[in-house]
Amino acid sequence: KDQEERALEFIDAVLTLTSAVVSVPSGTAALTDCGIIPALVSTIALDSQVIQNSPAHQSPFSKSSDSADVESYSDCLLKFISAQAIQIIEGAIVTHNNALSAFYELHGIEVL
């Protein structure tokens with residue numbers, strides 16, 4: 001569990017750096033050419049599957065007084081990483097047409 005949390009924290013740090021690079025148009029072009037969009041789309045797809053299969057996953061409208069349903073730190077990190085990946089894709093799409101094309105070809109809307 002501790003190793004999983006450290007790995008997720010590392011991914012968070014890498015995505016934070018990636019976000020900074022994507023904020024520069026030449027950085028977006030370079031990362032898009034290196035395949036950042038397919039990597040992020042697949043990450044979001046995998047994260048969605050993990051979160052949906054998590055025992056803590058339930059509808060926010062269902063009531064439960066059971067304390068075992070509290071989200072773990074790893075679950076929160078995974079959701080945050082997914083949100084970061086979506087923000088990076090959005091930033092890339094806004095500034096670089098090839099990023100939009102790659103996202104469209106990967107059926108990224110269906111994944112989201």
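The present account deals with the structure reproduced in this document. (Residues numbered from 1 in each chain as written. Predicted model: local features only at pLDDT ≥ 70, side-chain atom pairs only at ≥ 80, totals over all residues. Heavy atoms only, no water.)

A tally of helices and strands in the chain yields six helices and zero strands. Across the chain, helices and strands are ordered from the amino to the carboxyl terminus as α-α-α-α-α-α. Burial statistics for the chain: of 112 residues in total, 31% are counted as buried. Relative to all contacts within the chain whose residues are 6 or more apart in sequence, the contacts with residues 24 or more apart total 73%. When the accessible surface of the chain is split by element, carbon and sulfur atoms take 60% of a total near 7300 Å². (Helix = DSSP H or I, 4+ residues; strand = E, 2+ residues; numbered from the N terminus. Buried < 20%, exposed > 50% of the residue type's maximum accessible area, 1.4 Å probe, protein only. Contact = heavy atoms within 4.5 Å. Areas by Shrake-Rupley, 256 points an atom, 1.4 Å probe, with all protein chains shown as cover.)

A word on the packing of helix α1 (residues 2–22) against helix α2 (residues 25–33). Between α1 and α2, whose axes approach to 6 Å, the crossing angle comes to 120°. Relative to α2, the element α1 is oriented oblique. Contacts between α1 and α2 pair Thr-18, Val-21 and Val-22 from the former with Gly-27, Thr-28 and Leu-31 from the latter. When the residues that make up the contact of α1 with α2 are grouped by side-chain class, the tally is three nonpolar, three polar and no charged. (Axes fitted to C-alpha atoms, helices over the stretch in contact; angles between N-to-C directions. Parallel < 35°, antiparallel > 145°, perpendicular 65-115°, else oblique. Nonpolar A, V, L, I, M, F, W, Y, C, P; charged D, E, K, R; others polar.)

The next thing to look at is a nonpolar patch on the surface. A cluster of nonpolar side chains, contributed by Phe-10, Ile-11 and Val-14, occupies part of the molecular surface with about 270 Å² of accessible area. Tracing the chain through its elements places Phe-10 in helix α1. (Patch = residues over 30% accessible without salt bridge, like charges linked within 9 Å, V, L, I, M, F, W, Y side chains within 5 Å. Salt bridge = Lys/Arg side-chain N within 4 Å of Asp/Glu carboxyl O.)

Applying the stated criterion across every chain yields a total of one salt bridge. In this structure, Asp-2 and Arg-6 form a salt bridge, with 2.6 Å as the shortest nitrogen-oxygen distance. Note that Asp-2 and Arg-6 are positioned in helix α1 at a spacing of four residues, about one turn of the helix.

By themselves, these are just geometric observations and shouldn't be taken as functional.
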